[in-house]
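Architecture and fold: a report
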Amino acid sequence: MSYVEDPGPGHGSVPPRAAFTSDAPSCSLNGTWRFRLSPSLAAAPAGIEGDGFDDSGWDELPVPSLWQLHGHGRPAYTNVPYPFPVDPPHVPSDNPTGDHRLRFDLPGGWPAGSTVLRFDGIDSCGRIWLNGTELGVTKGSRLTSEFEVGSLLRPTGNVLAVRVHQWSAASYLEDQDMWWLSGIFRAVTLLARPAGGIADYGVRADYDHTTGLGTVRVETGPDVVLDIPELGVTAHPAGEPLELPVEPWSAESPRLYDGTLSTAAESVPVRIGFRTVSIEDGLLKVNGRRLLLRGVNRHEHDPRTGRAVSRETALADVLLMKRHNINAVRTSHYPPDAAFLELCDEYGLWVIDECDLETHGFEPLGWVGNPSAEPMWAEAYLDRMRRTVERDKNRPSVILWSLGNESHTGENLARMAEWVRHRDPTRPVHYEGDHDCAYVDVHSRMYATHEEVERIGRREDDNERRRDLPFLQCEYGHAMGNGPGGLLEYRELFERYPNCQGGFIWEWIDHGLAADGHFAYGGDFGEPIHDGNFVIDGLVFPDRTPSPGLIEYAKIIEPVRIAADAAGIRVSNHYDFLTTEHLVFTWVLEDEGTAVAQGVLDIPAVHSGQSVTVPMPSLPATAGESWLTVSASSASAASWAPAGHVVGWGQLPVSAAPAAAPLPRRGPVFRTGGRLVLGTGEFDAVTGTLTTLGGHAVRGPRLDVWRATTDNDRGTFAGRPAAEQWREAGLHRMQHRVISVDADGEELVVRTRVAPPAQPFGLFTAYTWTAFEDRLRLRLEVTPDGEFPGTLPRLGLAMAVPGTLGSAEWFGGGPGEAYPDSSQAARIGRFSSSVDGLQTPYVYPQENGNRTAVRWARLTAPDGTGLRIDGEPQFDFTARRWDAAALEAARHTDDLVPGDLVHLSVDVAQHGLGTASCGPGVLPQYRLMPQKTEFTLWFRAVSGHRDR
Ligand code: GAL
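Reading guide: rules and limits
- Residues numbered from 1 in each chain as written.
- Predicted model: local features only at pLDDT ≥ 70, side-chain atom pairs only at ≥ 80, totals over all residues.
- Heavy atoms only, no water.
- Helix = DSSP H or I, 4+ residues; strand = E, 2+ residues; numbered from the N terminus.
- Buried < 20%, exposed > 50% of the residue type's maximum accessible area, 1.4 Å probe, protein only.
- Contact = heavy atoms within 4.5 Å.
- Lys, Arg positive; Asp, Glu negative; His and termini not counted.
- Charge placed at Lys NZ, Arg CZ, Asp CG, Glu CD.
- Salt bridge = Lys/Arg side-chain N within 4 Å of Asp/Glu carboxyl O.
- UniProt positions renumbered as here; feature names shortened; annotations may be inferred.
- Near = heavy atom within 4 Å.
- Polar contact = N/O pair within 3.5 Å; in protein donor to acceptor, adjacent residues only side chain to side chain.
- Areas by Shrake-Rupley, 256 points an atom, 1.4 Å probe, with all protein chains shown as cover.
- Nonpolar A, V, L, I, M, F, W, Y, C, P; charged D, E, K, R; others polar.
- Domains from an automatic or database assignment.
- Pairing = 2+ DSSP bridges.

This part takes up the overall build of the protein chain. Per the secondary structure count, the protein chain includes 10 helices and 57 strands. Overall, the protein chain is about 100 × 65 × 55 Å in size when its C-alpha atoms are taken along their principal axes. Of all 948 residues assigned to the protein chain, the portion counted as buried reaches 62%. Across the protein chain, contacts joining residues at least 24 apart in sequence account for 74% of those joining residues at least 6 apart. Distance between charge centroids for the protein chain: 4 Å, based on 85 positive and 125 negative side chains.

Omega for the peptide link from proline 88 to proline 89 comes to 0°, which places this bond in the cis form. Turning to its location among the elements, proline 89 is positioned in the loop between β4 (76–78) and β5 (97–104). Here glycine 483 and proline 484 are connected by a cis peptide whose omega angle stands at 0°. Note on placement: proline 484 falls in the loop between β31 (471–476) and α7 (487–496). The backbone of tyrosine 447 shows a phi angle near 60°, a positive value even though the residue is not glycine. Note that tyrosine 447 resides in the loop between β30 (443–446) and α5 (450–457).

Now for the pattern of salt bridges. Considering all chains together, one arrives at 61 salt bridges under this definition. Arginine 423 is the salt-bridge partner of glutamate 390, the closest N and O atoms lying 2.6 Å from each other. In this pair, glutamate 390 sits in helix α3 (residues 378–392) while arginine 423 sits in helix α4 (residues 411–423), placing the two residues 33 residues apart along the sequence. You can call glutamate 390 buried: its relative accessible area is 8%. One salt-bridge network, in which partners are shared between bridges, spans Asp123, Arg142, Glu174, Arg307, Asp356 and Arg384.

UniProt feature "domain: Beta galactosidase small chain/" (unreviewed entry): in the numbering of this structure it lies at residues 675–940. Span residues 675–940 is 5% helix and 49% strand, its end C-alpha atoms 19 Å apart.

Turning next to the site of the ligand. By nearness alone, every residue bordering the ligand is listed as Asn79, Asp177, His333, Asn405, Glu406, Met446, Tyr447, Glu475, His478, Trp506, Phe534 and Asp537. Asparagine 79 places a polar side-chain atom, nitrogen or oxygen, 3.4 Å from an oxygen atom of the ligand. At 2.5 Å, a side-chain N or O of glutamate 406 approaches an oxygen atom of the ligand. Compared with its free state, where it exposes 310 Å², the ligand has 96% of that area covered by protein. Broken down by class, the residue content of the shell around the ligand amounts to 4 nonpolar, 4 polar and 4 charged.

For the rest of this paragraph, the subject is the domain arrangement of the protein chain. It is common to report an interface's size as the accessible area lost on association of the parts. By domain assignment, the protein chain separates into domain 1 (3–192), domain 2 (201–278), domain 3 (294–555), domain 4 (558–655) and domain 5 (666–942). Put simply, the middle of domain 2 and the middle of domain 4, counted by C-alpha atoms, are 39 Å apart.

A few words now on the pairing of strand β38 (residues 594–601). The sheet contact formed by strand β37 (residues 583–591) and β38 spans 7 bridges and is antiparallel. The residue of β38 that forms the bridge with leucine 589 is alanine 597. Hairpin remark: β37 followed by β38, antiparallel, with 2 residues in the connecting loop; positive phi at glutamate 592, about 45°.

Among the 10 residues in helix α2 (residues 338–347), 8 count as buried, and that is most of the element. Listed as buried for α2 are Ala338, Ala339, Phe340, Leu341, Leu343, Cys344, Asp345 and Tyr347. The positive-phi residue at the C-terminal boundary of α2 is glycine 348, with phi of around 95°.

Let us look at the environment of leucine 190. Structurally, the position occupied by leucine 190 is in strand β14 (residues 188–193). Counting along the chain gives 652 residues from leucine 190 to tyrosine 842, while the straight-line C-alpha distance between them is 43 Å. Other than its neighbours up to four places away in sequence, leucine 190 contacts Pro25, Ser26, Cys27, Leu29, Phe104, Leu106, Trp110, Thr115, Val116, Leu117, Val149 and Leu153.

A word on the side chain of threonine 629. Checked against the element boundaries, threonine 629 lands in strand β40 (residues 626–634). Here glutamine 651 takes part through its side chain, which lies 3.0 Å from a polar atom of the side chain of threonine 629. Each residue touching threonine 629, except ones within four places of it in the same chain, is listed here: Thr586, Trp587, Val588, Gly650 and Gln651.

Below you can see the structure in the form of structure tokens.
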């Protein structure tokens, strides 16, 4: 059998060991290599390992890289299905094969003796030669392999040849939901290994929270000494335990002690974090405290380089996570580049380090033939786990090992778990696919509904073993497109039930690939089998711009919660360890969104899990609706955020809007030609719709219930998709029958019945217009007629105004978008944005940009003229340069072409978002059911910059 189809691990490499640097010479072989892609192994050139082989006609390729992103072949995306016949361990003969060659000289003075050549990641299988000698074969795309090359190196003119196959038997074990991309995508390094040096080491640094003592012990070779200057430790024999008072490491205070391990021949910097992970009383604890994991699943992704991700990009992720209150990461579904975990140690994130393993493509086949249960794969499974644990064993941030993802169950997984327990008893084992928890230490589920989490929380699980384990959701809150909705209710469960210890949002980043004018997803590269935009499901856009989902998540998981009522301001500390002493609490009073007073609150130190209430500051009287906003922000700079970074905030309404002034006299309705004139408005006499307001052309407003469906509306995970039910009901093509237009005296009353074709049900709508000087009041009454089959996407008015009205200002919820089940991050204030800026550029276009709880909004032209809408009391709105139908039809952001109008929706309500793209749908309290509704709005034209 060819090495490509051998189900075993690769061969020829040296045993796996920890990732570390040292003072021994090293040399990066990253850079420009020669490259040639052949359609198959058979078509690949012979003799590429030879010195004399002529590669001058080959292309150049940067290493590390994935060749499909450099014009060779094309990316392909599938979630579950294998893109090749399931015939393990065989793979297609048409197996793209990328030959890589590098000629290099050693740096001057390179020592004789042992040198290893390290590859941090080759996808999926590489055969390697140095100076004509075969070193071996590597598999396990996201795992390190090292080869001994000391005896083969020459001072100059070394030739390294690497033949990489897109497909190999290992591809059956690497069916993660992501792009299929190939190449040498992580670093290549030469490392001199001095005789008498440190081949490997394992630091065990425990912390006893009852005594405050740390114990450090290093498992390594003979004659190694440990120095930790900060702790006064010098030349301590590394293998002997050392006990001393220390500050512990946690994600919240990532205290690291810098030290060195050394022998006469080599010195290795070490960063030691003291912490002890335990499971006690059915709870996952670190340093004696129950953790609440406010996590995300992180794939490595960059829109231009795919899974070849630089340290800067890894740092950008860590900083963004920290700044959004995230405290945990699951490295879905493979060990990340080692740099990421070093950053997690340094900046503080709890990590579930997951092995590079997924065989999900067997699920549609009823798991028949699944490698997890087939002996021929046993060695490959163990090899992957060993390489994961050995490489990352010294990272204090890693608190759980995960066997992999979605590989069902079987003996091979059980053996991995057994091996881990033996090798590293200090960290529990995680694997979601072991539903009975036969060989794992924590109960993990993905996308469990709120009810299911509640049952687990109450310990009502019928499985006894599972019932007593800590529970976490390794994936939940599917962040595909607009969403997720329903996170607040999960938080409530995690806080109510101590054994429900939080979870990890699926997922951190949209895997969109940079294309001309937009981000590409599955199918955009002509793949015959693909899963479309299911790869676009992150909290940040492909370019790492935070999406509204991230802003909402940050608010939900804020470590300090501030609530205020007449009794005072209550500050609750939701950190797992920290007090609030590092925070300053400031308040600002805003009168209709304009700051009128501010100050600092004196809040005594609040301990983890505690809260305090302090009296309200004394506040001046205000003329309009006013709100007090209290924010907790950092008093001094942290490594991950400047001073003043807000970690939590709360609002209290202080005074309501003043009672409306008595209404002036109503104006009369006139009929002139085909038009009706009422105050500053003109209406079409036949349809009764507004045509101009204060000289601005207006279309509508007319009743509207449709929205461009979201990924969650179309999602199939919670039963029948809402979008399907809406479409079948015909809600996207409602017709308006004018019943009557009565223009008598001082009211214009338009009655219509709005209903879909072919259906007996509809909505009776009465629009009652009245003019009060320069203002028009619209009272809308909507009454369902007949039996509606389900929910409505939204309920409100659609109208269009001239495109020149391109600036929006409003008083209400903001600054970002909000929907009923994703609205915690919206605060009440005065905000402004261009119409273009109101759009959220979801990679796959869909409903977006709704502003909620709006008291008034203005849309104006550059000269300040325009329209103002006031709610009685509030409304939601969206404003965009295309209509809902165009938004629905678009497949990429650049399909959305601005027209001449601004399309405005002014709503009573929107249906919630839910997470039915992969998870529960919209919770009952956020469903929009048709019911009798009354709604009042005021319209008027504004001119110049006065009507503020
Ligand atoms: C899970 C899987 C993830 C991802 C997610 C849906 O089942 O573990 O890798 O596919 O669903 O986006």
